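Analysis of the macromolecular model
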Amino acid sequence: MISNALSVIYISEGEFSVSDYDYDLFVIGAGSGGVRAARIAAAYGARVAICEESRVGGTCVIRGCVPKKLFSYAAHFAEEFEDAAGYGWKVGPSSFSWKRLIENKDHEIDRLNKIYLRLLSDANVKLYPVHGKLVDSHHVQLGEDIVGAEKILIATGGWPWMPEIPGSEHVFSSNEAFHLQELPRRMVIVGGGYIACEFAGIFNGLGVEVVQVYRGEQILRGFDDDVRTSLAREMSTKGIQICLHRNVTKVTRDADGGLDVELDDATVLRTDAVMSATGRVPNVRKLGLEAAGVHVQAGGAIAVNEYSVTNVPHIFAVGDVTNRVNLTPVALMEGHAFADTEFGDKPSPVNHDFIPSAVFTHPQIATVGYSEKDAASHFGRLEIFRSEFTPLKHTLSGREEKTMMKLIVQAATDKVVGLHVVGMDAAEIVQGFAIALKSGLTKQQFDCTTGIHPTAAEELVTMRTAVQG
Ligand code: NDP
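In this text the structure is predicted, and so the values were computed from the model without any measurement. (Residues numbered from 1 in each chain as written. Predicted model: local features only at pLDDT ≥ 70, side-chain atom pairs only at ≥ 80, totals over all residues. Heavy atoms only, no water.)

Here's the deal with the sheet that holds strand β20 (residues 382–389)
For clarity, the threshold we go by: The rule for pairing is simple: two strands pair if DSSP sees at least two bridges between them. Only DSSP runs of H or I covering at least 4 residues are called helices, and only runs of E covering at least 2 are called strands; the numbering of each starts at the N terminus. All axes are obtained by fitting lines to C-alpha atoms, using only the stretch in contact for helices, and the reported angles, taken between N-to-C directions, cover 0 to 180 degrees. Whether two residues are in contact is decided by their heavy atoms, any of which lying within 4.5 Å being enough.
Taken in spatial order, the five strands make up an open sheet running β18-β19-β22-β21-β20, and their pairing is antiparallel. A strand with exactly one partner marks an edge of an open sheet, and here the two such strands are β18 (357–359) and β20. The mean inter-strand angle of the sheet, taken between neighbouring strand axes irrespective of direction, is 10°. Taken strand by strand, helix α10 (residues 372–379) contacts β20, β21 (403–410) and β22 (416–422), and its axis lies near 165° from that of β20. Where helix α12 (residues 426–438) meets the sheet, its contacts fall on β18, β19 (365–369), β21 and β22, and the angle it forms with β19 comes to roughly 5°.

Set out below in structure tokens:
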């Protein structure tokens, strides 16, 4: 039944009264952005409901960041056991159980999923565990029911995209990588982005022979060139075979039950599993956007302004479905800002400048601000500081793994506009430095900050001689 859509009475600008719809806010998609927005709006007194066709928690919790990082920890142990020898440890024979890892990871995801469910119920947000489809700009179909809402927020995230090639049925995405029945002996990973590089490191660390096939000239397009080359070198040293300038044209099952992966130079790679990490697309399938009059951009992303408003003034969108910066903390920020603006009388435009991010490769990458190439086109003359060194830990472990750190400084203002780290603990290091870049601090302010010794991070406040500029 469609509830009667009477007009909302505004008390004053920015405040709201209870509307005659079923809800003041209906959120489609209970991932990071949707849940945050629902909870904050409810805390402001709004009557809020949310729907989710999969499990509450979204990509990050269920099939993304969290299980991926757990896998990455698992993969690191192989090197830890080896590194221990240099410190006098004799580690006995080790073995790895993929089944145990999957079970324990699933258990943790169940726990997080329950926390998310409790957060919603504690906030008095009504959950509809079904697909939601807009039937018009104020109503959402939920199975047999239709509910009305004064405002609607779309937070449906993204979904893996894979090119159609002969044999696509043998290829899986990151979604399935979290549930493989067995750990393959050999694997081909297609793509050169975040997910391909992270999973290449994970499976390689777990003992799988990994070949990464990428169509471009170097992995991680868009990252700083020094970061790309440093990481590619480290990944190769660890045994990942990176095949550049290649596309996969065909996958066939061979007589032994293995897979033959044909590349566009006629090479055939024999493998046991093929994973595609060739990008993600906004999840707008069967959402009824046309019925509600919501515009999408080329590629399917919902077009929004800095307040996450779509072309329909009472329909909003946050997170990966808008394809702005596709990261969990960004979706959280956008969801929170939306709720503050619409229900908390605190207009909060989202600012996407200087968002730090990490790629949980082996070793990690973390970065905030501009690559050297992008900085050159935005900030004119630059001073570049770069350092590459063996981290202290590896003096005794004997591991051949370098850490690379780089600062990019605008010469005219002395502001640090790019900071990049490839190496152990990069993500933990860069989180703190992101505050400095976001605050517009100068190289001189970096220089007068005391280092913590002995750490790798101290290098970022002790680099004195520009390698260029
Ligand atoms: P990315 O966009 O990072 O990478 C996609 C890769 O696939 C690129 O190397 C791209 O090549 C390649 N590709 C695209 N189309 C084709 C094609 N037709 N044939 C062959 N190769 C192709 O996407 P991901 O799937 O890796 O990740 C999606 C997003 O998820 C990321 O952009 C990131 O925002 C987020 N994410 C963040 C993580 C983190 O914060 N640690 C972890 C995982 C994901 P090309 O470069 O030439 O376009």
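Here the narrative resumes.
Focus on the packing of helix α1 (residues 32–43) against helix α4 (residues 98–122)
The condition that has to hold: When an angle is under 35 degrees it counts as roughly parallel; over 145 it counts as roughly antiparallel; between 65 and 115 it counts as roughly perpendicular; any other value is oblique. Crossing handedness is read from the near helix: turned anticlockwise from the far helix by less than a right angle, it gives a left-handed crossing, and turned clockwise, a right-handed one. Note on residue categories: nonpolar means Ala, Val, Leu, Ile, Met, Phe, Trp, Tyr, Cys or Pro, charged means Asp, Glu, Lys or Arg, and polar means any other residue, Gly included.
Where α1 meets α4, the closest approach of the two axes is 9 Å, and the angle between their N-to-C directions is 25°. The angle between α1 and α4 places the two elements in the roughly parallel class. As for the relative orientation of α1 and α4, their crossing is left-handed in sense. Side by side, α1 and α4 meet where S32, V35, A38 and R39 of the first sit next to Y116, L119 and L120 of the second. Class assignment of the residues belonging to the contact of α1 with α4 gives a composition of five nonpolar, one polar and one charged.

A look at the pattern of salt bridges
For clarity, the threshold we go by: When a carboxyl oxygen of Asp or Glu is within 4 Å of a side-chain nitrogen of Lys or Arg, the pair counts as a salt bridge. Only protein chains enter the accessibility calculation, which uses a 1.4 Å probe; a residue whose area is less than 20% of its type maximum is buried, one above 50% is exposed, and one in between is partly exposed.
Under the criterion given, the structure shown has 28 salt bridges. Residues E79 and R399 are paired through a salt bridge, measuring 3.5 Å at the closest nitrogen-oxygen approach. Linking E79 in helix α3 (residues 65–84) with R399 in the loop between α11 (393–397) and β21, this pair joins segments that are 320 residues apart in sequence. For E79, a relative accessible area of 16% puts it in the buried group. When its relative accessible area of 16% is taken as the criterion, R399 is described as buried. Across the salt bridge formed by K151 and E342, the nearest N and O atoms sit 2.8 Å from each other.

Focus: the packing of aromatic side chains
Stated precisely, the cut-off is as follows: Note on aromatic contacts: the rings of Phe and Tyr and the six-membered ring of Trp form a pair at centre separations within 6.5 Å, being stacked when their planes are under 30 degrees apart, edge-to-face when over 60 apart, and tilted otherwise. Any Lys NZ or Arg CZ found within 6 Å of a ring centre and within 35 degrees of that ring's normal is scored as a charge over the ring.
Applying the stated criterion across every chain yields a total of 15 aromatic pairs. Note on F26 and Y128: the rings are 5.9 Å apart at their centroids and 40° apart in plane angle, and the pair reads as tilted. Residue F26 is located in strand β1 (residues 23–28), and its partner Y128 is located in strand β3 (residues 126–128); the two are separated by 102 residues in the primary sequence. Across the pair, Y128 and F26 agree in class, each one buried. Each ring, one from F71 and one from F178, has its centre 5.4 Å from the other, and the planes form 50°; the classification is tilted. Highlighted residues: F71 in helix α3 and F178 in the loop between α5 (174–177) and β9 (186–190), separated in sequence by 107 residues. For F71, a relative accessible area of 0% puts it in the buried group. Residue F178 is classed as buried on the basis of its relative accessible area of 1%. The ring of F343 carries K151 above its face, with NZ or CZ at 5.1 Å from the centroid. The residue whose ring lies beneath R285 is W159, and the NZ or CZ to ring-centre distance is 5.0 Å.

Re the pairing of strand β2 (residues 48–51)
Quick reminder of the rule: Orient the strands so they point away from the viewer, and a crossover whose first-strand-to-second-strand path over the helix runs clockwise is right-handed.
Residues of β2 alternate between two faces, with V48 and I50 on one and A49 and C51 on the opposite face, all of them buried. Where β1 meets β2, four bridges bridge the pair, whose relative direction is parallel. Paired with I28 across the bridge in β2 is C51. With α1 bridging β1 and its parallel neighbour β2, the resulting β-α-β unit is right-handed. As paired elements, β2 and β3 share three bridges and run parallel to each other. Within the sheet, the bridge partner assigned to C51 lies in β3 and is Y128.

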